[in-house]
Amino acid sequence: MKKLGLLAVGVLMMASCSNDNETGQSLVTDKGEMQFLFTVGNSTTRATDTQFESNDQVGIYVTANGTPLQIGGNEVNNEMFTYNGTAWTSVRKVYWNSGSHDVYAYYPYSQKVNDISDYAFEVQADQSTAEGYTASDFLWAGKKGVTASASPVTMTFAHKLSNVVVKLEKGESYSGDIPASTEVYIHSTVTKAVIDLATGDAAKDDYAGTGTVRCRQKSPSEYVACVIPQNLTTRRPLVEVISGGVSYLMEGKISLKPGMRHTITVTLDKNPEQTKIDIGGSIEGW
């Protein structure tokens, strides 16, 4: 009887341990598997600014409703969900517990998250490729009071950094077309941020130095870059345009707001010294 009793206790312990994996996700529950539909704005997929693409990956945290988000010990801790072009799936199946829950999601996914309130993120120095640009576009979504459902939980992501659009125009003395090989750079900006994953709020890393970002070409006359929200109040080299073997380097001041798109217009002239920059261009939601 004593041996049977010990055996029964051992079975119960094994059953209890099987309910949770090493990161806290509940594996055995009668509330159903977690399913999500992630959108950006009103879109269900993203290509650059407004759509998710196949193989995009987001990180998910889930807590009991009203419980603060922590680095560990949540119901779900930084679980990776991948988009296959149709649906979002996780490598390990995760299931709902009883009650209501708060869900937090971010993009792009990082395997190493060492701080919830000051998550370190850095934009790519070279955003001239689609990969470099999208990897620099930090998105965040949150939803509170979620309960288990047979339908996917829809979560809408928002851009949490700033977007800079540089538009090139030809001045009166500029002849011919602007070369397709033209390069545009944003100088003197802090490229590192600290982000609160519970709110999505992003701020520049005050201990980081400034750097340079190469923009992505969207059209022959329009270039874009994702940058950290910050105030550039001191006149210093801001935008550089390298076109036809000539470098146009311009100073400027700008206040980069989170979740906003800032347009800078550069009017190229045959004489680089007569090239004009208009930083007071349009500011719109991103």
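Here is what the cut-offs are and how they apply
- Residues numbered from 1 in each chain as written.
- Predicted model: local features only at pLDDT ≥ 70, side-chain atom pairs only at ≥ 80, totals over all residues.
- Heavy atoms only, no water.
- Helix = DSSP H or I, 4+ residues; strand = E, 2+ residues; numbered from the N terminus.
- Buried < 20%, exposed > 50% of the residue type's maximum accessible area, 1.4 Å probe, protein only.
- Contact = heavy atoms within 4.5 Å.
- Areas by Shrake-Rupley, 256 points an atom, 1.4 Å probe, with all protein chains shown as cover.
- Polar contact = N/O pair within 3.5 Å; in protein donor to acceptor, adjacent residues only side chain to side chain.
- Pairing = 2+ DSSP bridges.
- Axes fitted to C-alpha atoms, helices over the stretch in contact; angles between N-to-C directions.
- Salt bridge = Lys/Arg side-chain N within 4 Å of Asp/Glu carboxyl O.
- Lys, Arg positive; Asp, Glu negative; His and termini not counted.

1. Quick look at the overall build of the chain
For the chain, the helix and strand inventory stands at two helices and 20 strands. Across the 286 residues of the chain, 43% fall into the buried class. Within the chain, residue pairs in contact and separated by at least 24 positions form 68% of the contacts whose partners lie at least 6 positions apart. Of the roughly 14400 Å² of accessible surface on the chain, a fraction of 50% belongs to carbon and sulfur atoms.

2. Focus: the environment of Glu79
As for its placement among the helices and strands, Glu79 is situated in strand β3 (residues 76-83). Residues Glu79 and Val94 lie 15 residues apart in sequence; the distance between their C-alpha atoms is 8.7 Å. At 2.8 Å, the side chain of Glu79 forms a polar contact with the side chain of Arg92.

3. Brief notes about unusual backbone geometry
At the junction of Tyr107 and Pro108, the peptide bond is cis and its omega measures out at 0 degrees in the coordinates. Within the secondary structure, Pro108 is located in the loop between β5 (101-107) and β6 (119-122). The phi angle at Asn55 is positive, at roughly 80 degrees, despite the residue not being glycine. If you trace the backbone, Asn55 turns up in the loop between β1 (36-40) and β2 (57-64). Residue Asn55 is classed as exposed on the basis of its relative accessible area of 61%. Phi at Ser188 is positive, roughly 60 degrees, even though this residue is not glycine. Structurally, Ser188 is set in strand β10 (residues 183-190). What makes Ser188 buried here is its relative accessible area of 14%.

4. Structural notes on the sheet that holds strand β17 (residues 246-256)
In spatial order, the strands read β13-β10-β16-β17; together these four strands make up an open sheet with antiparallel pairing. What marks the edges here is a single partner per strand, and that holds for β13 (210-214) and β17. With strand direction ignored, the average angle separating the axes of adjacent strands in the sheet is 25 degrees.

5. Notes on the pairing of β1
Along β1, four of the five residues are buried, which leaves the element largely enclosed by surrounding structure. Relative to strand β8 (residues 153-159), β1 runs parallel, the two sharing five bridges. Bridging across to β8, Phe36 finds its partner in Val153.

6. Overview of the pattern of salt bridges
Scanning the entire structure with this criterion turns up four salt bridges. Here Lys93 ties to Glu33 by a salt bridge, and the two come within 3.6 Å at their closest N and O atoms. A residue pair is termed long-range when its members are at least 10 positions apart, and Lys93 in the loop between β4 (88-90) and β5 and Glu33 in the loop between α1 (2-17) and β1 qualify at 60 residues. Ionic pairing is found between Arg92 and Glu79, a salt bridge with its closest N-O pair at 2.8 Å. Of the two residues, Arg92 is situated in the loop between β4 and β5 and Glu79 in strand β3; the sequence distance between them amounts to 13 residues. Residue classification places Glu79 among the buried residues on the basis of a relative accessible area of 4%.

7. Concerning the side chain of Glu240
With respect to the helices and strands, the residue Glu240 is situated in strand β16 (residues 230-243). Within the buried set, Glu240 has no salt-bridge partner at all; the shortest N-O distance to an opposite charge, 10 Å, is to Arg214. Polar contacts involving the side chain of Glu240 include one to the side chain of Ser247, which spans 2.7 Å. Excluding residues within four positions of it along the chain, Glu240 makes contact with Glu183, Val184, Tyr185, His187, Ser247, Tyr248 and Leu249.

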